[in-house]
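Coordinates in review
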Number of protein chains: 2
Amino acid sequence: MVNNLTETLNFTFAALADPTRRAILERLSFGDSSVTELAAPFDVSLPAISKQLRVLERAGLLTQEKDGRVRRCRLEAQPMKEAVEWIAQYQKFWEDKLESLANFLENVSPEDSTLQEQDSAENDSEGMKP
Amino acid sequence: MVNNLTETLNFTFAALADPTRRAILERLSFGDSSVTELAAPFDVSLPAISKQLRVLERAGLLTQEKDGRVRRCRLEAQPMKEAVEWIAQYQKFWEDKLESLANFLENVSPEDSTLQEQDSAENDSEGMKP
DNA sequence: TTATTATTTAACCATATGGTTAATAATTTA
DNA sequence: TAAATTATTAACCATATGGTTAAATAATAA
């Protein structure tokens, strides 16, 4: 595990950059899970998953507890909090963007100024709950 | 630039995983900047920074606008919003943790239950504004 | 005790990343 | 026009990443 902010952010963002690892975290958000269970949805070998778990562990996003021959994996969300807090300093930049868009729309067509989240759902399974 | 959520998250988190790139983004949060200006604080070559800018561009976190022989770099925060929204689904996990800690402290010493952010400031310059 | 199950470690491979120096392109200044 | 400035591209290198298969370790079941 990691002790200072810079390393926490390095390892946390790196861990979150892989879709398999993000899917593993989503699975764990429904409850603790064994390694085999975690590996099941993916078309890769168990050692591959084992490596992904090391990466998540390094970031402090996952802990393993030995329970007989099974290892119970648990989500640890704390590093995400630090990641979100780092990103939060930029919030005003994307909010400003939205506000100027909102203002633009208001000026152009005052009757229809609803801001709609454009959802590029095409070819995208992120966020699917199993 | 990137069109679907999974790729946005892949590239955005990957871009944020490097401390040099995060520092570049912080610099840009104070205003647009040339490549040379961006490179100045770092002890690496200009081509190295140029590569980092490509990574930020790939994630849609930066745009460059040609202005004579200078390229004006600009922060684009939108992908961070998507990153934060992905992480936000885990918010309750770190909040629950804090709450149970708060409850624990209340039970142990009801007079001194203030939650203090432990700040491991040692060897850590993240978040320093230039 | 011998299998079986769960998981990791070891050794390897291809590709990605982050850095270098040298050369090139484009623009401005002298 | 020649020189200087800004930045990129090219070619290269070391290390990291994400995958593989085979072997090893540990615990439960037969």
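Each chain has its residues counted from 1, running along the sequence as written. Numbering of ligands from 1 and lettering of chains from A proceed in the order in which they are written. Since the coordinates come from a predicted model, pLDDT governs what is reported: local features require at least 70, and pairs of side-chain atoms require 80 or more to be given and counted, while whole-chain, interface and lining totals use all residues. With hydrogens and water set aside, each side-chain value is computed from the structure's full complement of heavy atoms.

**Brief notes about the overall build of chain A**
Each helix is a run of DSSP H or I of at least 4 residues and each strand a run of E of at least 2, with the numbering of both proceeding from the N terminus. Of the regular secondary structure elements, chain A holds six helices and two strands. Relative accessibility decides the category of a residue: with a 1.4 Å probe and only protein chains considered, values under 20% of the type maximum give buried, values over 50% give exposed, and everything between is partly exposed. Residues classed as buried in chain A amount to 37% of the 130 residues present. The accessible surface values rely on the Shrake-Rupley method and a 1.4 Å probe; as for residues, cover is taken only from the protein chains in view. Carbon and sulfur atoms form 50% of the exposed surface of chain A, whose accessible area is close to 7800 Å².

**Things to note about the pattern of salt bridges**
Counted as salt bridges are all cases of a side-chain nitrogen of Lys or Arg within 4 Å of a carboxyl oxygen of Asp or Glu. In this structure the tally under the stated criterion is twelve salt bridges over all chains. Residue A:Glu65 is joined to A:Arg72 by a salt bridge in which the shortest nitrogen-to-oxygen separation is 3.7 Å. Overall, the relative accessible area of 43% leaves A:Glu65 in the partly exposed class. A salt bridge links B:Glu37 to B:Arg27; the nearest nitrogen and oxygen atoms lie 3.8 Å apart. Highlighted residues: B:Glu37 in helix α3 (residues 35-39) and B:Arg27 in helix α2 (residues 19-28), separated in sequence by ten residues. The class of B:Arg27 is partly exposed, set by a relative accessible area of 25%. Overlapping salt bridges, with partners in common, bring together A:Asp32, A:Glu65, A:Arg72 and A:Arg74 in one network.

**Some words on the nonpolar core**
To qualify as a nonpolar core, a set must consist of buried Ala, Val, Leu, Ile, Met, Phe, Trp, Tyr and Cys residues joined through side-chain atoms within 4.5 Å. Core analysis: the biggest nonpolar cluster contains 57 residues, and A:Met80 and B:Met80 have the highest contact counts within it. What makes two residues a contact is simply this: any of their non-hydrogen atoms within 4.5 Å. Beyond its immediate sequence surroundings of up to four residues, B:Met80 is in contact with A:Trp86, A:Ile87, A:Tyr90, A:Trp94, B:Thr12, B:Leu16, B:Leu25, B:Leu61 and B:Leu75.

**Quick look at the pairing of strand β1 (residues 62-67) of chain B**
In this description, strands pair whenever DSSP reports at least two bridges between them. In terms of strand pairing, β1(B) meets strand β2 (residues 70-75) of chain B through six bridges, oriented antiparallel. Counted as the bridge partner of B:Leu62 is B:Leu75 from β2(B).

**Looking at the packing of helix α2 (residues 19-28) of chain A against helix α4 (residues 46-58) of chain A**
Residues and elements named next belong to chain A. For the pair α2 and α4, interaxial distance at closest approach is 10 Å and the crossing angle is 75°. Relative to α4, α2 is oriented roughly perpendicular. Contacts between α2 and α4 involve Thr20, Arg21, Ile24 and Leu25 from the former and Ile49, Gln52, Leu53, Val55 and Leu56 from the latter. All residues other than Ala, Val, Leu, Ile, Met, Phe, Trp, Tyr, Cys, Pro, Asp, Glu, Lys and Arg, Gly among them, are scored as polar; the first ten of these are nonpolar and the last four charged. The class makeup of the residues in the contact of α2 with α4 is six nonpolar, two polar and one charged. Convention adopted: a line fitted to C-alpha atoms gives each axis, helices being fitted over their contacting stretch, and angles between N-to-C directions are expressed from 0 to 180 degrees. If an angle is under 35 degrees, it is roughly parallel; if it is over 145, roughly antiparallel; if it lies from 65 to 115, roughly perpendicular; otherwise it is oblique.

**Describing α2(A)**
For α2(A), every residue scored as buried is listed here: A:Arg21, A:Arg22, A:Ile24, A:Leu25, A:Glu26 and A:Leu28. Capping the start of α2(A) is the job of one residue whose side-chain oxygen sits 2.8 Å from the backbone nitrogen of A:Thr20: A:Asp18. Whenever a nitrogen or oxygen atom comes within 3.5 Å of another N or O atom, the pair is scored as a polar contact, on the condition that within protein one atom can donate a hydrogen and the other can accept it, and that pairs from neighbouring residues in sequence are kept only if both atoms are in side chains.

**Observations regarding the protein's contact with DNA strand D**
Taken together, 23 residues lie around DNA strand D, and A:Ser45, A:Lys51, A:Gln52, B:Thr36 and B:Ser50 are the ones closest in. One of the side-chain nitrogen or oxygen atoms of A:Lys66 is found 3.3 Å away from a phosphate oxygen of DNA strand D. The element contributing the most residues to the surface near DNA strand D is α4(A), with five residues. The class makeup of the residues in the surface near DNA strand D is seven nonpolar, seven polar and nine charged. Think of it this way: one heavy atom of a residue within 4 Å of a molecule or strand is enough to make that residue near it.

**Considering the packing of aromatic side chains**
Aromatic ring pairs are defined here through the distance separating the ring centres and the angle between the ring planes. Residues and elements named next belong to chain B. Only rings of Phe, Tyr and Trp enter the pairing, Trp through its six-membered ring, and a pair is recorded when the two centres are within 6.5 Å. The plane angle decides the type: under 30 degrees is stacked, over 60 is edge-to-face, the rest tilted. Throughout the structure, instances matching the rule amount to seven aromatic pairs over all chains. Centre to centre, the rings of Phe13 and Trp86 are 6.1 Å apart; their planes meet at 75°, and the pair counts as edge-to-face. One end of the pair, Phe13, is in helix α1 (residues 5-16); the other, Trp86, is in helix α5 (residues 78-88), with 73 residues separating them in the sequence. A residue is classified by how much of its surface remains accessible, and Phe13, at 0% relative accessible area, is buried. Owing to a relative accessible area of 5%, Trp86 belongs among the buried residues under this scheme.

**Some words on the side chain of A:Arg21**
All names here are of chain A. Along the chain, the position of Arg21 falls in helix α2. Lys and Arg are tallied as positive, Asp and Glu as negative. Neither His nor the chain termini are counted. Buried Arg21, no salt bridge; nearest opposite-charge side chain is Asp18, N-O distance 4.6 Å. Side-chain polar atoms of Arg21 contact the backbone oxygen of Ala14, separated by 3.0 Å. A distance of 2.8 Å separates a polar side-chain atom of Arg21 from the backbone oxygen of Ala15. The residues touching Arg21, leaving out its near neighbours within four places in the chain, are Ala14, Ala15, Gln52, Val55 and Leu56.

**Here's the deal with the environment of A:Leu61**
All names here are of chain A. With respect to the secondary-structure elements, Leu61 resides in the loop between α4 and β1 (62-67). Taking the relative accessible area as the measure of exposure, Leu61 reaches 0% and is therefore buried. Taking the C-alpha atoms as reference points, Leu61 and Phe11, separated by 50 residues in sequence, lie 9.5 Å from one another. Leu61 has contacts with Thr12, Ala15, Leu16, Leu25, Leu56, Arg74, Leu75, Glu76, Pro79 and Met80, leaving out every residue within four places of it along the chain.

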